[in-house]
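Observations on the three-dimensional arrangement
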Amino acid sequence: MARIENAVEITVCEDSGFVAYERDLEKDNIIITDTKRVSIYCLTDHKCIQSWFVRQNSPFTSQAVYDVESQSYVAVKKNKNLIKWFKETTDLTKVKPVVLSTAVCCLLPQVNSSTLVVFENGAVAELEQVLIEPKQVHQSTLPDVFELKDVTVCCQGNQIKVYFLAQNTKDTVWSVFISEHGSESLGQQIALQNPDKDASPVHYSFLTLEGSVRLITIWSNGDVCLSVIPFFTTEDHLKCRPLLTVKSHTAVTWLGENYFAIAGVKGLDKNKPDTRFLTIWDSKFGSLQAKRELPVTRRDTQITSIYATEESILLRRDALIVAYKFTCPEASLASALGCLRNQEIQNSVTVQANWKPHAMKAVENITMKENLLKEAMNKDKCPTEEKFACACKNLLGHLNAEKFPDSCYLASLLQFVANRCTEEKQFWPKQTLLEIIEFCNISASSCKEFLNVVLEKEETEILTGCLKNMSDVPEKVIVKTLQIYLRNNKDKCSVELMDSSEEGTICNPFSQDLAEAVNNVLNCTFNDVFMLEHLKILNLEDVLVLVQYLYFLISIFDHSDEVKVEMVIDWLCLLLDSHYSALVISNKAKTLLVKLHIAVEKQVQFSRQLQSLQGLLYPVLNSTSFTGQNSKHNNGLYSIEVVKLF
Amino acid sequence: MPLNQERRKRGRKKAKIEEEAMAVDESTTTELKRDDKKEDGTYTVHRVKFFNYQPNAIHCLAYDENRERLAVVRSDGSIEIWNLKHNFNQERIITGSQTSKLDSVAWVNGRLFTTGFQGDITEYDLVKNTAKYSVLYGNASWCLAPNHSGTLLATGSDDGCVRLFDLTTEKVSYDRTMNPQAQRIVSLAWHKSDETIVTGSIDNIKVWNVATGAAVQRITLQRAFKKRENIVWCVAILTDYTIVSGDSTGRTIFWDGRVGTMLKGYTSHRMDILSLCVTKDEKSVFTTGVDPTIVQFSLSVTDGLDGARSWVRSRHITHGHTHDVRAMVIAGNFLVSGGLDTNLVTNPVDVSPGQPQMRTQMEQYKRVYPPFPQKSLIDCAGRAKLLLFQYPYHLEVWKLGSTSITSNKDGESLPVSERPIKILDIQTKGVEQIVCSSISKDGSWIAYSDVDKVKLFHLSLDPPVLQKVACLPTQLCPAHNLLFSPDSSKLFSATSSCSVQILLLDAIQPSLQHTFHAMDNSIVLLGVDSAGKFVAAADVEGTIIVYNVSKFKVHCRLPRYDSQPTALAFSSHAPELFIAYADQMLYEYNIEQKSYSHWSRSLHKCKLHHAWLRRRSKVTRVVYSATNPDIVFLHDVNMLCTIDKSKPLPKAHHQLFKKNLQDFKGQDMGVQGHSFFTNQQFKPLLFLDYLDDDNSLVMVEYPLQRFIENLPPTLKQKKFGT
C-alpha cells in the first residue's frame with residue numbers, strides 16, 4: 001500500500017515568481033531553480049549542497065538542467081540568454097551567456113543524449129546545435145494562436161517525438177501537438193475532448209512511457225481525466241477518461257506508471273473546512289491509495305507547484321518548498337481496491353468515483369417487460385382473476401425462464417399477489433400462481449411474504465409447487481409445510497401407526513398421495529443447524545409418524561427414485577436430536593425405536609460388507625493397471641508414437 | 001454371505017491372473033505396411049514408462065588395486081563388481097536377500113568380504129556370484145578392515161569390541177578380541193606396520209596395540225551440543241601416526257597419534273562426515289558425508305627452512321552428488337563416491353593447476369554412472385506383445401496397449417485404443433532376490449532363477465492359466481542367464497557353474513537335454529539365432545563360444561578380444577553375430593565362415609568414430625531389424641543408435657551426436673551421409689525390442705522425475721534471499 005511520510009522543509013524561496021525542479025546527476029539530488037538562484041539539494045540529508053546566484057536584473061526564466069553530454073549545468077536567463085556552467089564554477093555572474101534569437105520555453109534533459117531546447121514557438125533543437133549557431137532562427141511548429149503550456153519528449157527506437165500541450169488563446173480549446181524532432185513542419189494536432197462543455201484544464205502532467213504518452217488533467221469542474229496518446233496515432237481528438245472528481249483547487253503529478261499524486265484535496269470534515277490533503281491515487285481504478293494532511297497556514301495559501309522524484313513529492317506553498325517521502329508498491333488489483341474499504345481514508349476526502357464509463361448497458365427490451373409487469377400489477381387494469389391471469393400469461397410469454405432478471409420480475413409479481421390478497425380476501429388466482437411458480441426457479445428469499453400468505457392459507461398444492469421449484473426455501477417454511485401435511489391426514493396416520501405397531505410388520509404409515517408430498521419435503525435442501533431449531537415446533541405425534549415413515553423408508557431398499565438414503569438418515573438424525581428426551585420417555589416410541597435400531601444395524605452390516613468388497617477390489621485395480629498406482633504421474637506413462645529412427 | 005478372511009486370502013494369492021486382462025482383441029491390432037517402414041525408417045514405438053524400478057542407495061565401496069575391481073554395496077544387500085580396467089564396466093552383480101544388510105566391504109588378495117548388522121563375516125564366490133560361507137561371531141559389526149599384509153581381518157562391533165579374524169586360504173577363523181570398551185566401535189583403521197589399530201567411537205578415538213590388545217591412547221572429542229553424542233564416523237591413520245577423523249559435527253581433525261593432541265581441525269562440512277579416504281602417497285585426504293561436498297586436505301610445507309608441514313584445506317568438489325554421500329574410495333586416479341542419490345560418481349584425485357590440463361583431467365575423470373544395471377531387467381514376448389519386468393522379489397507381466405490408427409508422420413502420438421494392462425504378478429517365496437528371468441517369444445513360458453534354483457511357469461493365454469512346472473530335472477543348476485529358443489521349445493540356461501544347459505520344455509515333465517562343458521568364468525551373455533540352432537555364450541573374460549544345440553557340440557570360438565562383451569545378438573537374416581564390448585568396440589562375426597563379416601572388417605579398417613569411442617555408457621542391447629537385414633539397433637542408457645550397414649561409415653569430420661535442437665529437427669535424416677543414426681530422445685532407455693507382428697518397437701524408459709521423487713529429501717541448502 002502506498003504511504004506518504006512526514007514533510008521535510010527544503011527551502012524558502014522568493015515569495016512569488018518562478019520555481020522549477022529538475023533531477024541532478026546524483027539520484028538523490030534535485031536542482032531547484034527560482035528567479036534568483038539555482039540550488040542543488042540532497043533530499044536524504046535535507047540540505048543544500050550547492051548554490052549559484054545571478055544578478056537581480058537578469059532572472060532565470062527556465063529551470064536549470066544537468067546536461068549529461070557536456071557534464072555541465074544549463075539554464076536560461078531573461079528568456080534568451082542561455083548560460084552553461086560546470087559544477088566547479090563558483091560565480092555565475094562571470095559566466096558569459098549565449099544570446100539566442102528566439103525565446104526559450106524550457107530545457108528538456110535527455111538520459112543518453114544532448115539536452116533539448118524547446119522554444120516558445122514550439123521549435124525544438126539540440127543544445128549542442130544551439131550553442132554552435134545561437135542566432136539561427138527556428139521555425140515555429142505551433143500555430144501562432146496557441147500558447148505553450150507543457151511539453152514532453154517520447155522516444156521509440158531512433159524516432160523522437162515532442163508532445164506539446166497548448167491552449168488556443170482565442171477559443172480556449174486545448175490541444176496536444178505532436179511534432180517529430182528534426183522536422184520543421186507543423187505538428188499533428190489532437191484536440192482534447194472536454195468532459196464538460198465549460199470546463200478547461202487547470203492542472204496537467206505528462207508521463208512518458210515506452211511507446212505511449214499519458215496525460216493526466218484536472219479540469220476546472222473538478223474532473224480528473226486520464227488520456228493515453230499512442231506513439232503512432234492518427235486520431236484528431238483525444239479522449240479524456242474521467243477517473244474521479246475532486247472539488248478543490250489542486251495540482252497533479254505522476255508518480256510512475258500506476259500512481260499519481262494530487263495536492264490540495266479538500267477534506268470532508270466540516271469542523272475543519274480548510275484542511276487540505278496530499279493524496280496518492282491509483283491510475284487504473286481511480287482509487288485512493290494514501291493521503292496526508294497538509295499543514296494549515298494562516299492564509300489560504302495555494303499550492304503553486306508539485307513535482308515528484310522517485311522517492312519524494314515536492315510541494316511549493318508560497319515561499320516554502322517541502323518534501324514528502326512516499327512509497328508506492330507494485331500495483332495490484334487487491335491493493336487498488338482493498339484500500340477503498342478503509343472507511344477512514346475514504347470518508348476524509350471529498351471524492352466521487354465516476355462510474356459512468358463502467359456502467360452496464362441497459363437491455364433493450366427491459367422496458368417492454370417492465371410495462372407488461374406494471375400492467376399485471378395494476379389493480380385497475382386487472383380487476384378480476386381472469387384479467388390478471390391473462391396479463392400474467394402475456395408477461396410469461398415474453399420472459400425467459402433461464403435468465404436471472406426475469407425471475408426477479410416474477411418474484412415481485414408474487415409479492416404483489418401476496419399484498420393484494422391480504423387486501424382483497426377473495427382474490428386468489430391459484431392456477432396462475434402455480435403457473436408462475438412452475439415457470440422458473442424463483443428464489444424463495446425474494447418472495448417471503450408470498451410464502452407466508454400461502455402458509456397462512458394452507459394451500460398445499462401451491463406449497464408443493466414451491467418446494468419443488470424454489471431453490472432456497474427457508475427451513476421454517478419446510479417444517480410448517482410438513483406440519484400442514486401431517487395435520488391434514490392426522491386421523492388416518494395415527495390409526496395406521498397403531499395397526500403397524502401391533503402387527504409388527506413394516507408398512508407405510510402414509511397414503512400414496514401423502515407419501516409423495518412428504519417425500520417432496522424430505523428432498524428439500526436445508527441447513528441442519530436451522531432445521532433443528534424449527535423441528536422443535538412439531539408435536540410428538542407428528543414426530544412419531546415421521547419416524548415411522550422414515551423407518552419404513554430405511555427398511556425397504558428400492559427408494560432410489562423417491563428419497564435418497566442420505567436424506568433419510570439426515571432427517572432421522574434431526575428428528576431424534578430435536579425430540580430426543582420426549583422420544584426416550586414416550587412409551588409409544590419405544591417399540592418403534594427398537595425396530596429402527598435393528599434396521600440401522602442391518603444397514604451398518606451392509607456397509608461393512610461394502611467396505612470389505614472395496615478392500616478386495618482396491619488391490620485388483622492397483623495391480624492390473626498403472627492408473628491405480630499413483631495417479632500423480634500417470635499421464636504419459638504409456639504412449640504409442642511414430643518415430644523416424646533413420 | 002459375509003466375506004470372510006479366507007476369501008480375502010485367496011484373493012491375494014501370489015500369482016494373480018486377471019480374466020478381463022486376457023481379453024485380447026485380435027481385431028484391433030494394427031497392420032502397418034512393412035515395405036513402407038523398411039524404406040523410410042519410421043517406426044511405431046510403444047513408449048513404456050511404467051517400469052517401477054527402484055534404484056538402491058550405495059552403502060559402501062571397496063577397491064581392489066591389484067585386480068582393478070570396485071565393489072559397490074547397495075542398500076538392498078546386492079554387491080556390484082565394477083571392472084575399472086575395462087572402462088568402468090559393471091562386470092557382475094551378487095544379488096542380495098531380504099536378510100542381508102551389509103555395512104562394510106573389503107577386498108583381501110582378490111577375495112571379497114562383507115560384514116553387517118547380523119554380525120557375520122561373509123566371503124563371496126566371484127564365479128558363482130553367491131556367498132561362499134559366513135562366519136558368525138559376536139555382535140552386529142559396524143566396520144571391517146584387513147591388515148596390510150592380508151593376514152588378519154578386524155571388525156568393530158556394537159558391543160565395543162575389536163575382533164580379529166585369521167585369514168587362511170580357505171576360510172576365515174576367529175582369532176581374538178581386544179579389550180572391550182563401553183561404546184560401540186563405528187570406524188576402524190590399521191597402521192601400515194600392522195601393529196596398531198585406531199578406532200573411532202562415540203566421543204572418542206582410541207589407539208590399540210594389536211599384540212597386547214590394550215588401548216594405548218585415548219583421545220576425547222568435543223561435543224557440539226552438550227546432550228548430543230559426537231560420533232567418529234570415519235578414521236584413518238597415516239604412516240607417521242597422524243590420525244585423521246571425521247565426526248558427526250562435521251569436523252575433520254588431524255591428530256598426533258603418539259601424544260593424542262590435535263594438530264589441525266577444520267569444520268569442513270555442515271553435517272556428519274561419513275567417509276574419508278587417504279591417497280596412497282598420504283599427501284591428500286578427502287572427506288565427505290551428509291553434506292555432499294567432497295573436501296580435499298593437502299599436506300603442504302609451511303616453513304621452507306625446517307620443512308615443517310601442515311594440513312591445509314585445498315579443494316571443494318561439488319560435482320555429482322545431491323544427497324548424503326555414504327562411501328568414498330580412491331581407485332587409481334579416480335575418486336569414487338556413492339550415496340543416497342544412488343549414482344556412482346567419479347572425480348579426479350589430482351588436479352593439475354594449469355587450465356588445459358585441468359580440463360582434460362576433468363573430462364577424463366569426472367563421470368556419473370546412473371544406477372541402472374548393465375544386465376537388462378526387462379524381457380519381451382514380441383509375438384504375444386507381453387513385457388516381463390523383473391523386480392528384486394517379484395515378476396510382472398504386462399500386456400502392451402494398441403492403437404487402431406496408422407501414421408507415417410514423425411513425432412505423431414497415436415491415440416491408444418487399448419491401454420496396457422498387468423496380467424500377472426509372480427512373487428518369489430524365498431528371501432533371495434531374483435538373479436535373471438525370461439519370457440518366451442509367444443508368451444507361453446516364463447522362467448526365473450535365484451541363487452538356489454530355476455523356476456519355470458507355463459502361461460496359457462486363452463483361457464488364462466498360469467501353471468508352475470513342478471518337476472524340473474534335479475541336474476538343472478541355478479542360472480545367471482536364461483533364454484528361450486525362438487520357437488519356445490527349449491530353455492537355454494547359463495548356469496552359475498559356467499556351463500550352458502538345454503532344457504526341453506514340457507508343461508508336465510521337462511527334461512534336461514544337454515549340458516555343455518563349463519566355460520572358464522561366469523557367463524554374462526547368452527544369445528540364440530532365429531532358427532534356434534546356435535547359442536552364443538560370452539563369459540566375463542571375453543571368451544565367446546558358439547554352440548550347435550542340435551549336435552550338442554561347440555560350433556566355434558570367436559577370436560579373443562581383450563575387453564568384456566556387454567551385448568550380443570544374432571542376425572535373423574544371416575548367420576552373423578553382433579557383439580558390443582565395454583571399450584565401445586563393435587564386431588560382427590559370421591559363424592558360418594568363421595570370420596569377421598565384411599562390414600566388421602571395414603569398420604575396423606577405418607576405425608570407429610572418436611565420438612563413439614568417447615562414450616561412457618556401455619551398449620546394453622543389440623537388436624537386428626526383423627525386416628531389413630542391414631539395420632541394427634544398439635542402445636545404452638543415454639542413446640539409441642541405428643546402424644544402416646548399407647551406408648558408408650562415419651568419418652572423423654561427421655557429427656555423430658546431435659548437439660542442439662536444430663540438429664534434432666534435421667529435416668531429412670536420410671541424407672546425413674553415414675551409417676550411424678543416433679537418437680537421444682529416449683532417456684534413460686532401459687530396453688528396446690522388436691514386436692514381431694506389426695513391425696513396431698517397444699522401448700522401456702525410466703522417467704527421471706520419478707527417480708528424483710523417490711529419493712529422500714536433501715540436506716537443506718541455505719540460499720540467499722530465502
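Residues numbered from 1 in each chain as written. Chains lettered and ligands numbered in written order. Predicted model: local features only at pLDDT ≥ 70, side-chain atom pairs only at ≥ 80, totals over all residues. Heavy atoms only, no water.

Further remarks concern the overall build of chain B. When helices and strands are counted, chain B shows seven helices and 56 strands. Taken over 722 residues, chain B has a buried fraction of 59%. Contacts spanning at least 24 positions in sequence make up 50% of the contacts within chain B whose residues lie at least 6 apart. In the form shown here, chain B has an accessible surface area of approximately 30,800 Å², with 50% of it arising from carbon and sulfur atoms. (Helix = DSSP H or I, 4+ residues; strand = E, 2+ residues; numbered from the N terminus. Buried < 20%, exposed > 50% of the residue type's maximum accessible area, 1.4 Å probe, protein only. Contact = heavy atoms within 4.5 Å. Areas by Shrake-Rupley, 256 points an atom, 1.4 Å probe, with all protein chains shown as cover.)

Residues and elements named next belong to chain A. At a minimum axis distance of 9 Å, the contact between helix α8 (residues 448-457) and helix α9 (residues 460-469) shows a crossing angle of 140 degrees. Relative to α9, α8 is oriented oblique. Viewed along their axes, α8 and α9 form a crossing whose handedness is left-handed. From α8, Phe 450, Leu 451, Val 454 and Leu 455 reach across to α9, where they touch Ile 462, Leu 463 and Cys 466. Looking at the contact of α8 with α9 residue by residue, the classes come out as seven nonpolar, no polar and no charged. (Axes fitted to C-alpha atoms, helices over the stretch in contact; angles between N-to-C directions. Parallel < 35°, antiparallel > 145°, perpendicular 65-115°, else oblique. Left-handed = near helix turned anticlockwise from the far one by under 90°. Nonpolar A, V, L, I, M, F, W, Y, C, P; charged D, E, K, R; others polar.)

Residues and elements named next belong to chain B. For Glu 123, the position within the fold is in strand β8 (residues 120-125). Relative accessible area serves as the criterion here: at 2%, Glu 123 is assigned to the buried category. In this structure the side chain of Glu 123 is engaged in a polar contact, spanning 2.9 Å, whose partner is the side chain of Arg 111. Contact partners of Glu 123, with chain neighbours within four places excluded, come to Arg 111, Leu 112, Phe 113, Ala 131, Lys 132, Tyr 133 and Glu 170. (Polar contact = N/O pair within 3.5 Å; in protein donor to acceptor, adjacent residues only side chain to side chain.)

Residues and elements named next belong to chain A. Here five strands make up an open sheet; going across it, the order is β13-β14-β15-β16-β20 and the pairing mixed. Looking along the sheet, the strands with just one partner apiece sit at the ends: β13 (146-156) and β20 (237-238). As defined by bridge partners, strand β16 (residues 188-192) adjoins β20 across two bridges and the pair is classed as parallel. Each residue of the ladder has a partner; that of Leu 192, found in β20, is Leu 238. (Pairing = 2+ DSSP bridges.)

Along the chain, B:Lys399 turns up in strand β32 (residues 394-399). Within the structure, B:Lys399 has its side chain in polar contact with the backbone oxygen of B:Ala384 (distance 3.4 Å).

Another point: unusual backbone geometry. Residues and elements named next belong to chain B. The omega angle of the peptide bond from Lys 683 to Pro 684 is -20 degrees, so this bond is cis rather than trans. Here Pro 684 lies in the loop between β54 (676-679) and β55 (685-691). Unusually for a residue other than glycine, Phe 88 sits at a positive phi of about 55 degrees. The class of Phe 88 is buried, set by a relative accessible area of 2%. Positive phi is not limited to glycine here, since Asn 129 has a value of about 60 degrees. Looking at Asn 129, the relative accessible area reads 10%, which means it is buried.

Residues and elements named next belong to chain A. Viewed as axis vectors pointing N to C, helix α13 (residues 528-535) and helix α15 (residues 565-578) meet at an angle of 50 degrees, and their least axial separation amounts to 9 Å. Classified by the interaxial angle, the pair formed by α13 and α15 is oblique. In the crossing of α13 with α15, the sense of the turn from one axis to the other is right-handed. Together, Asp 528, Met 531, Leu 532 and Leu 535 of α13 and Trp 571, Leu 574, Leu 575, Asp 577 and Ser 578 of α15 make up the contact between the two elements.

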